[in-house]
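Geometric and topological summary
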Amino acid sequence: PCMNPPDVDRNDKVAVDKAIDDVVELLKTGEYYQWSGPRMYDFVRNGLKLILHPKFPDDPSLLLLSKLYADSDYVRNCLMSVDDERLNRQWCIEVSAHRSGDHDDSVQWFLSKIDRIAENETLRHVFGPGKSTIDIQQIVDEGKILVAVIPEARVGRDVAQLLSSWLVARLHDA
């Protein structure tokens, strides 16, 4: 199953803002809360603003956050498609700041945290790219029952807690 958090209508500004806020809240859960803070949220928000721009060339995914901050050539190529002057300016500053030692330390710190999602096979598949295969809103609207088995012994406590939190939050929003 895939529950790609940034799988929203990228032309719907309210849905985009909600998706960004939801991901920030997701990262505040469990173990992830221990390493979150204002700088972390800035990295996530700035990355998702670009990823969720209607003209961003790739399908939106949390896994692209690492690529944005690790590959300045990728960012430059993406910015050629994006027609938002403010977003372009913001990312040009971000790319040029990569030359700063302090900024590089911050980026490396961020990548070491966000890569935990990409490195975990379960999280990579559930939060990975592609169309979400579970529509919580449809399940609630149609009065269906969702049974989610998240075997903590198999996936680990932190992963189980993160997935459970995400499901509960989606159910609450529906």
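See the structure shown above.
This section reports on the structure supplied with the text. (Residues numbered from 1 in each chain as written. Predicted model: local features only at pLDDT ≥ 70, side-chain atom pairs only at ≥ 80, totals over all residues. Heavy atoms only, no water.)

Turning to the overall build of the chain, a few remarks are in order. Looking only at helices and strands, one finds ten helices and zero strands in the chain. When the helices and strands of the chain are listed from N to C terminus, the series reads α-α-α-α-α-α-α-α-α-α. In terms of overall size, the chain behaves like a compact globule, its C-alpha atoms giving a radius of gyration of 16 Å where 174 residues would be expected to give roughly 16 Å. Referenced to the eigenvectors of the C-alpha coordinate spread, the extents of the chain come out at roughly 50 × 35 × 25 Å. Scored against the burial criterion, the 174 residues of the chain give a buried share of 41%. Surface summary for the chain: the accessible area is close to 9,600 Å², and the carbon and sulfur share equals 49%. Here the chain holds 21 positive side-chain charges and 29 negative ones, and the gap between their average locations is 1 Å. (Helix = DSSP H or I, 4+ residues; strand = E, 2+ residues; numbered from the N terminus. Rg over C-alpha atoms; globule rule 2.2 N^0.38 Å. Buried < 20%, exposed > 50% of the residue type's maximum accessible area, 1.4 Å probe, protein only. Areas by Shrake-Rupley, 256 points an atom, 1.4 Å probe, with all protein chains shown as cover. Lys, Arg positive; Asp, Glu negative; His and termini not counted. Charge placed at Lys NZ, Arg CZ, Asp CG, Glu CD.)

Counting 46 residues, the largest nonpolar core has Leu48, Leu68, Phe110 and Phe127 as its most contacted members. Within the residue set of this core, elements represented by two or more residues are α1 (13-27), α2 (38-51), α3 (64-70), α4 (72-79), α5 (85-97), α6 (101-119), α7 (121-126) and α10 (157-173). For Leu68, the contacting residues outside a window of four places in its chain are Gly47, Leu50, Ile51, Phe56, Tyr74, Val75 and Trp91. (Core = buried A, V, L, I, M, F, W, Y, C linked by side-chain atoms within 4.5 Å. Contact = heavy atoms within 4.5 Å.)

On to the environment of Val126. Here Val126 shows up in helix α7. The buried category is assigned to Val126, whose relative accessible area is 12%. Between the C-alpha atom of Val126 and that of Met3, which follows or precedes it by 123 residues, the distance is 5.5 Å. Excluding residues that lie within four positions of it along the chain, Val126 makes contacts with Pro1, Cys2, Met3, Asn4 and Leu163.

On to the packing of α2 against α5, then. At their nearest, the axes of α2 and α5 sit 11 Å apart, and the two run at 130° to each other. It follows from the interaxial angle that α2 and α5 lie oblique. In terms of crossing hand, the pair formed by α2 and α5 is left-handed. Listed contacts from α5 to Arg39, Phe43, Asn46, Gly47, Lys49 and Leu50 of α2 are Leu87, Gln90, Trp91 and Glu94. Grouping the constituent residues of the contact of α2 with α5 by class yields four nonpolar, three polar and three charged. (Axes fitted to C-alpha atoms, helices over the stretch in contact; angles between N-to-C directions. Parallel < 35°, antiparallel > 145°, perpendicular 65-115°, else oblique. Left-handed = near helix turned anticlockwise from the far one by under 90°. Nonpolar A, V, L, I, M, F, W, Y, C, P; charged D, E, K, R; others polar.)

Moving on, we get to the packing of aromatic side chains. Geometry of an aromatic ring pair is reported as the spacing of the ring centres plus the angle between the planes. Per the counting criterion, the structure on display carries six aromatic pairs. Between the aromatic rings of Tyr69 and Phe110, the centroid separation amounts to 5.1 Å while the plane-to-plane angle is 70°, which identifies the pairing as edge-to-face. Residue Tyr69 is found in helix α3, and its partner Phe110 is found in helix α6; the two are separated by 41 residues along the sequence. It is Lys67 that lies over the ring of Tyr74; its NZ or CZ is 4.3 Å from the centre. Over the ring of Trp166 we find Arg170; its NZ or CZ atom is 4.1 Å from the centre of that ring. (Phe/Tyr/Trp six-rings, centres within 6.5 Å; stacked < 30°, edge-to-face > 60°. Lys NZ or Arg CZ within 6 Å of the ring centre and 35° of its normal.)

Take it as geometry only, folks, not as evidence of what the structure does.
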